[in-house]
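Next come the chains, spelled out residue by residue.
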Amino acid sequence: MTGAGGPPTAEPGFGRRHRKEDQRFIRGRGLYVDDVRLPGMLYGAVLRSPYPHARIIAVDTIAAQAHPKVKAVITGETLAGLNLAWMPTLSGDTQAVLATDKVRFQGQEVAFVVAEDRYSARDALELIVVDYEPLPAVADARRALDPGAPLIRDDQPGRTTNHIFDWEAGDARRADEVFRDAEVTVAQDMLYPRVHPAPLETCGAVADFDRVAGKLTIWATTQAPHAHRTLYAMVTGVPEHKIRVISPDIGGGFGNKVPIYPGYVCAIAGSMITGQPVKWMEDRSENLMSTSFARDFHMRGELAASRDGRIRAVRVTVLADHGAFNGTAQPSKFPAGFFSVFTGSYDLEAAYCQVTGVYTNKAPGGVAYSCSFRITEAVYLVERMVDLLALELDLDPAELRLRNLLRPEQFPYTCQTGWVYDSGDYPRTLRLAMDLAGYEGLRKEQQAERERGHLMGIGVSFFTEAVGAGPRKHMDILGFGMADGVELRVHPTGTAVLRISVQTQGQGHETTFAQIVAEELGIPADDVEVVHGDTDQTPFGLGTYGSRSTPVSGAATAIVARKVRERARAVASAMLEVDPADLDWERGRWYVRGDPDQGRTIAEIALAAHSDLELPDGVEGQLDATCVYNPPNLTYPCGAYICVVDVDPGTGKVRVRRFIAVDDCGVRINPMIVEGQVHGGLADGIGMALMELIAFDGDGNCLGGSFMDYLLPTSLECPSWELGETVTPSPHHPIGAKGVGESATVGSPPAVVNAVIDALRPYGVRHADMPLTPAQVWRAIQGRPLRTDLAIGPE
Amino acid sequence: MTIRVAVSVNGTEYVREVEPRLLLIHFIRDDLGLTGSHWGCDTSNCGSCVMWLDGRPVKSCTLLAAMADGRAVRTVEGLERNGKLDPVQQGFIECHGLQCGFCTSGMLMTARWLLDHHPDPDEAQIREVISGQVCRCTGYENIVRSVRWAAEHEGASRMAEDGPA
Amino acid sequence: MQVPSHVEYERAASLQHALSLLTRPDARAVAGGHSLIPMMKLRLAQPELLVDINGLTELSFIALDDGQLRIGALARHADLLDSAVAGRCYPIFHDAERVVADPIVRLWGTIGGSLCQADPSEDLSAAFAAARATAVIRGQDGERTVPVRQFHLGPYETVIGPGELLAEVRVPVLPATGSAYEKVSRRVGDWSIAAAGAVLRLGGAAERPVIVSAGIGLTAVGAEHFVAAEAEEFLRGRAADEESFAAAGAIAARGCHPAADQRGPEDYKRHLVAELTTRALRRAAARVRLDA
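Computed from a predicted model, the values in this text were never measured in an experiment.

The rules behind the values
Residues numbered from 1 in each chain as written. Chains lettered and ligands numbered in written order. Predicted model: local features only at pLDDT ≥ 70, side-chain atom pairs only at ≥ 80, totals over all residues. Helix = DSSP H or I, 4+ residues; strand = E, 2+ residues; numbered from the N terminus. Buried ≥ 20, exposed ≤ 12 C-beta atoms within 10 Å, placed from the backbone. Contact = placed C-beta atoms within 7 Å. Rg over C-alpha atoms; globule rule 2.2 N^0.38 Å. Nonpolar A, V, L, I, M, F, W, Y, C, P; charged D, E, K, R; others polar. Expected span 1.5 Å × (residues − 1). Domains from an automatic or database assignment. Core = buried A, V, L, I, M, F, W, Y, C linked by C-beta atoms within 7 Å. Axes fitted to C-alpha atoms, helices over the stretch in contact; angles between N-to-C directions. Parallel < 35°, antiparallel > 145°, perpendicular 65-115°, else oblique. Pairing = 2+ DSSP bridges. Left-handed = near helix turned anticlockwise from the far one by under 90°. pLDDT = per-residue confidence, 0-100.

Considerations on the overall build of chain C
Scanning chain C from terminus to terminus reveals 11 helices and 13 strands. Taking the principal axes of its C-alpha atoms as reference, chain C extends roughly 60 × 45 × 30 Å. When each of the 292 residues of chain C is scored for burial, the buried share is 57%. Taking all contacts inside chain C whose residues are at least 6 apart in sequence as the whole, residues at least 24 apart take part in 66%.

Shown next, in the form of structure tokens:
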């Protein structure tokens, strides 16, 4: 409240409030890509390879072309003529748009049909005859580098093996010293199997090339519309100012909608060839079999400690299965993403990791499904190793963590692999989780249950995330800096429009970004229109993934609002005829220091800024500003999760009884939305820990091609989540926020796995790989856990 | 070869000539332009296509439009009455029951049917009734809370809609 | 989403009309469509004519009639789950229906559709086999009956011929009988990794009941006709106690042919057969009212 007589201070922008975007979704009036209908629009369908590895002898499209409703049939040969048969990937490799010489994974794109309707397009696929010569396939990543293994990427001159890269981080020699001298070491092989983000809306695009204007408009399911626009300019030869990418409403992304897929390029080619708009929407089997999978890290972890439970060093070797093309989406200097944050939440003396990436005859990808660039893998590794140490030392896993967690006074903390963790009070976060869980009581109950022969498990996981990529000097994707732009304009009548470069796929940006402006400027969030997704209407940026929207674009928004606030100060000073230095700010208003009744609201200032008011020299009229924000560092959300399970030893079935999650993501713009993000990620953990798997058989056939086999958790597998929070603001972020979108997906799988392994302790089980299906749990009890990435065969 | 299909959708009669193989979800979305219902899988697992046929929820990707001939369909577009949101719609807004919105129309239609038959469902009943529908965003928690909110606010909404006696 | 290939469609106005339409060898009846249409979308089934029989509401009954539970082929899964009389006579059907598909699919899928789809993982096939039910098949010339244990010829293949339609399933209701179904799946709504259904008729004294007859149905493990015949025979005349149930479970496990697949390896599936058979027998026995 101001002093007597003045208008009330504007409401805080931060806090729980309804989402603005809900109004259209609950009425069924969202606009997703498959809702886009243009006059004369045609439909595309992709013909895919049934073989994991085969030479293409011939592709016969005569019968397909003769189908009365078919307008065009495009093959690799067609595209080669347009120099479009291969395209660059986000990792500096190339990927076939339509296969020319060989097919390299089951489901790879071979031909594209354009027809009048989607049913005819599907029919026409059956009329294309492809003559394949099957080749032996590499289905087992662990055999990809065997001498004599089939060579997958013989399209690359001089290549003789399936090796892609070696990468390391940390100090190998120092780690060796610590391990040699340590009192206790534990080691474990563990697989983070291939899973898939599987957003409910599949990927697709509507491409509309206007021959007269030379303009390409493409509606697409993309989390990074500007990056796509620039890449299309490079690949298609259409100049960038003539390309418009529109990301309308997106039905979930989770990293699946970051890459450019062959189907999008085929739709563009189809539109160029036919002169009509072409829609391509993949079906679910295409989504699961050919778009960016996640994880597939074969890891060997080692941990060195003292007998009294002090964690000293962690060492990891990783074999990374990248599929047939290296299409991982992460900053270019980080071929294994941010995996080197496997140092976790503990103060280590040494750490070292070595990662080898290989090609296999499987779909490309690896970085997706809310992994924060491989942090899911890193956290799983270290949190499983900590539990293995607890088992080895017969210490309580929560107690062991409390002894080793970084302490608040150690921040900012530079870990052994160079990450500078910004802030955190880790022990407080874990203690809160333990309180909410009633941890002591749970352990007592577990003891009683064990005496009755019942298997109850309690799993703990503590994670440190590194999100908000990232500082220009360290990070780029294909040479693009990861700075994001933002524009704010306040209209004469005091409402505003904010144009951002990030792309929501359900995270609530239309509300939260308006809330940032409301907090900084005092314009009510309902009066701030947030524009996103259309490259013609928004500034350049690299999009939304890796939980970067709040850390990067959120920071940019706060800064641009402060710039507008400063311009408003100058205008207010002209209105009030005082020196700008004599003005103070309270949310929504500049007023004269010592004379608070003398003030002007932001709305009054906006009107004046557009009026004939004389402004001081150097002060431009209107009320707007832009900003390009180069983050100085990543931000480091953290969390403590506790999972309680019951296991039926007769069947191996796991039931998740409770899940307690305490997150620290710094300042929360909208706690309701933060909680929603956490809820969703926790469900992911149950999915991956217990049921999700893209499996292959020994011949490279993909067995996870439908929702009958790629199982997603339902309302009955998920408990009622119990959430808590601690808040340690990020010291370098303008509003102290850290981002939270992927935290729960990162932290929850180890909590569930730790719980199940804990439940199986009476049977002496140390480890079993995800997914912990009933079969896997039963086999673990028998002492013979399954290798989960390759399907069951004769053993 | 086409056949004639006459379907009442949200109270409006539509007559179209369609291929017999046309799936109901495509008929509603592509032929009638009612894109509020979605599709997300190939195997009747995801539930983003759920709408009502003759008053009962159905996975519309698993029926032919021809099978709806002479029958009545209700979709999410038909939940709002005279510009007033149904309590289930308001509940999802109040309790953050949606994020990307793709599963939402199916969840709303199932929730509406549940409350019509069980006006005071407990958490277990709500979780059971939506167990054939997938959400990748919300972890289901707020969907359950949204339906509970609607159950607790049905009366008020109905009274307001009916107006003074 | 995947879509079917071309097909013709006719709506049957009566049972006779349906039967005459179904004389075409490439015609298939469609009721709920929730078994057939997914196969058509994946183009694993490509009938040339679909005969929509949803109008034959005279086949949607569930009734207790003269010592038999009669279930019309057009009864929906939800109807069977909601039927108090079915649940009283045969709790095995409620146990099974509770874990078939999901609540929305159960509103539309029919008993007849599921049995005729003849999926080796169909829960109702094993449940009806355990109950020694009889299939009633209508043809243009009249009606014939086939024990459910002979109804399925193999995966996706039944004895139904052209011009025929499954009309109902009849289950004998006998005194002192209890039943139960036990299923394990990887996730709610998934097909069984393995499942076992048991129907026990007991006699003798209440303190030491004896098994008069046993029906054991097995799902998804390659059991011939969905039945564990040897285990059933073993139980006849034996005490209805834990020892017998465990022994029967072991026999059932030995007598089936589970295939290793993504749901589990062979040894696990066999173990499940033993475990679930024992559990189903135990629960079936507990549900018997010897004085009834």
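With respect to the overall build of chain A
Each helix and strand in chain A was counted, giving 18 helices and 33 strands. In summary, chain A has a C-alpha radius of gyration of 28 Å against a globular reference of 28 Å for 795 residues, a match within 12%. Its C-alpha atoms put chain A at 85 × 75 × 50 Å along the principal axes. Taken over 795 residues, chain A has a buried fraction of 62%. Within chain A, residue pairs in contact and separated by at least 24 positions form 79% of the contacts whose partners lie at least 6 positions apart.

Quick word on the interface of chain B and chain A
Counting residues at the interface gives 41 residues for chain B, matched by 44 residues for chain A. Looking at the side of chain B that touches chain A, its residues break down into 14 nonpolar, 18 polar and 9 charged.

A short note on the environment of B:W52
Residue and element names in this part refer to chain B. Mapping W52 onto the fold places it in strand β3 (residues 50–53). C-beta crowding within 10 Å serves as the criterion here: with 20 such atoms nearby, W52 is assigned to the buried category. Separated by 79 residues in the primary sequence, W52 and S131 place their C-alpha atoms 17 Å from one another. For W52, the contacting residues outside a window of four places in its chain are P57, V73, R74, M109 and W113.

A word on helix α9 (residues 375–393) of chain A
Relative to the 27 Å expected for 19 residues at 1.5 Å per residue, α9(A) spans 27 Å between its end C-alpha atoms, a close match to the ideal helical length. Downstream of α9(A) by one or two residues, A:D394 has phi in the positive range, about 55 degrees.

Examining the domain arrangement of chain C
Residue and element names in this part refer to chain C. Looking at chain C, the domain boundaries give domain 1 (8–51), domain 2 (60–172) and domain 3 (177–286). Measuring from the centre of the C-alpha atoms in domain 1 to the corresponding centre in domain 2 gives 18 Å. Contacts between the two partners involve 13 residues from domain 1, matched on the other side by 17 residues from domain 2. Considering each element in turn, the side of domain 1 that touches domain 2 owes the most residues, 4 residues, to helix α1 (residues 15–21). When the residues that make up the side of domain 1 that touches domain 2 are grouped by side-chain class, the tally is 8 nonpolar, 5 polar and no charged.

Some details on the interface of chain C and chain A
At the junction of the two partners, chain C supplies 20 residues and chain A supplies 25 residues. No other element matches helix α11 (residues 266–286) of chain C, which puts 4 residues into the side of chain C that touches chain A. A class-by-class count of the residues in the side of chain C that touches chain A yields 9 nonpolar, 5 polar and 6 charged.

Brief notes about the nonpolar core
Membership of the largest hydrophobic core comes to 423 residues, with the highest contact counts inside it found for A:V517 and A:V756. For A:V756, the contacting residues outside a window of four places in its chain are A:G457, A:V645, A:V647, A:V654, A:L772 and A:V777.

Observations regarding the packing of helix α5 (residues 91–98) of chain C against helix α8 (residues 123–130) of chain C
Residue and element names in this part refer to chain C. One can describe the packing of α5 onto α8 by two numbers: an axis separation of 10 Å at closest approach and a directional angle of 170 degrees. With respect to α8, the axis of α5 lies roughly antiparallel. Taken together, the residues of α8 that come into contact with α5 (itself represented by I92, F93 and A96) are D123, L124, A127 and A130. A breakdown of the residues in the contact of α5 with α8 according to their chemical character gives 6 nonpolar, no polar and 1 charged.

Observations concerning the sheet that holds strand β8 (residues 129–134) of chain A
Picture the strands of a sheet paired through backbone hydrogen bonds; they go either parallel or antiparallel. Residues and elements named next belong to chain A. Pairing in this open sheet of 3 strands is antiparallel, and the strands run β6-β2-β8 from one edge to the other. Only two strands of the sheet have a single partner each, and these edge strands are β6 (102–103) and β8. Two elements, strand β2 (residues 54–60) and β8, share 6 bridges in a ladder whose sense is antiparallel. Counted as the bridge partner of R55 is E133 from β8.

Looking at helix α12 (residues 439–451) of chain A
Counted at 1.5 Å a residue, the expected span for α12(A) with its 13 residues is 18 Å, and the 19 Å between its end C-alpha atoms agrees. The first or second residue beyond α12(A) is A:G453, which carries a positive phi of 85 degrees.

Section: the sheet that holds strand β31 (residues 638–647) of chain A
Residues and elements named next belong to chain A. Taken in spatial order, the 4 strands of this open sheet run β21-β31-β32-β33, and their pairing is mixed. In this open sheet, the two edge strands, each paired with only one partner strand, are β21 (455–464) and β33 (722–725). Adjacent strand axes in the sheet meet at a mean angle of 15 degrees, parallel and antiparallel pairs treated alike. Bridge count between strand β32 (residues 654–664) and β33: 4 bridges; the pairing is parallel. Each residue of the ladder has a partner; that of I660, found in β33, is E722. Sitting on the sheet, helix α16 (residues 671–690) touches β32 and β33, and the angle it makes with β32 is about 140 degrees. Sitting on the sheet, helix α17 (residues 743–759) touches β21, β31 and β32, and the angle it makes with β21 is about 150 degrees.

A closer look at the packing of helix α3 (residues 104–117) of chain B against helix α5 (residues 141–152) of chain B
All names here are of chain B. Where α3 contacts α5, the two axes come as close as 11 Å, and the packing angle between them is 40 degrees. By the angle class used here, α3 and α5 are oblique. Between α3 and α5 lies a crossing of right-handed hand. Contacts between α3 and α5 pair M107, A111, L114 and L115 from the former with I143, V147, A150 and A151 from the latter. Residues that form the contact of α3 with α5 fall into these classes: 8 nonpolar, no polar and no charged.

Examining the environment of A:Y352
All names here are of chain A. In this fold, Y352 is placed in strand β17 (residues 350–358). Spatially, the C-alpha atom of Y352 lies 5.7 Å from that of A169, the residues being 183 residues apart in sequence. Among all residues touching Y352, those that are not within four sequence positions of it are G170, D171, A172, A175 and R315.

A short note on the confidence of the model for chain A
Confidence in the prediction of chain A, expressed as mean pLDDT, is 96, and 99% of residues score 70 or more. Taken as a whole, residues 1–5 of chain A scores under 50 in pLDDT and shows 9 contacts with residues more than four places along the chain or in a different chain.

Some words on the environment of B:V58
Along the polypeptide, B:V58 turns up in strand β4 (residues 56–59). Residues within four places of B:V58 in sequence aside, it is in contact with B:V50, B:M51, B:L53, B:L63, C:I104, C:L107 and C:W108.

Details of unusual backbone geometry
A cis amide bond links A:F411 to the next residue, A:P412, at an omega of -5 degrees. Cis geometry marks the peptide bond from A:M770 to A:P771, where omega comes out at -15 degrees. Along the chain, the position of A:P771 falls in the loop between α17 and α18 (774–781). Despite not being glycine, B:D54 has its phi angle at roughly 50 degrees, a positive value.

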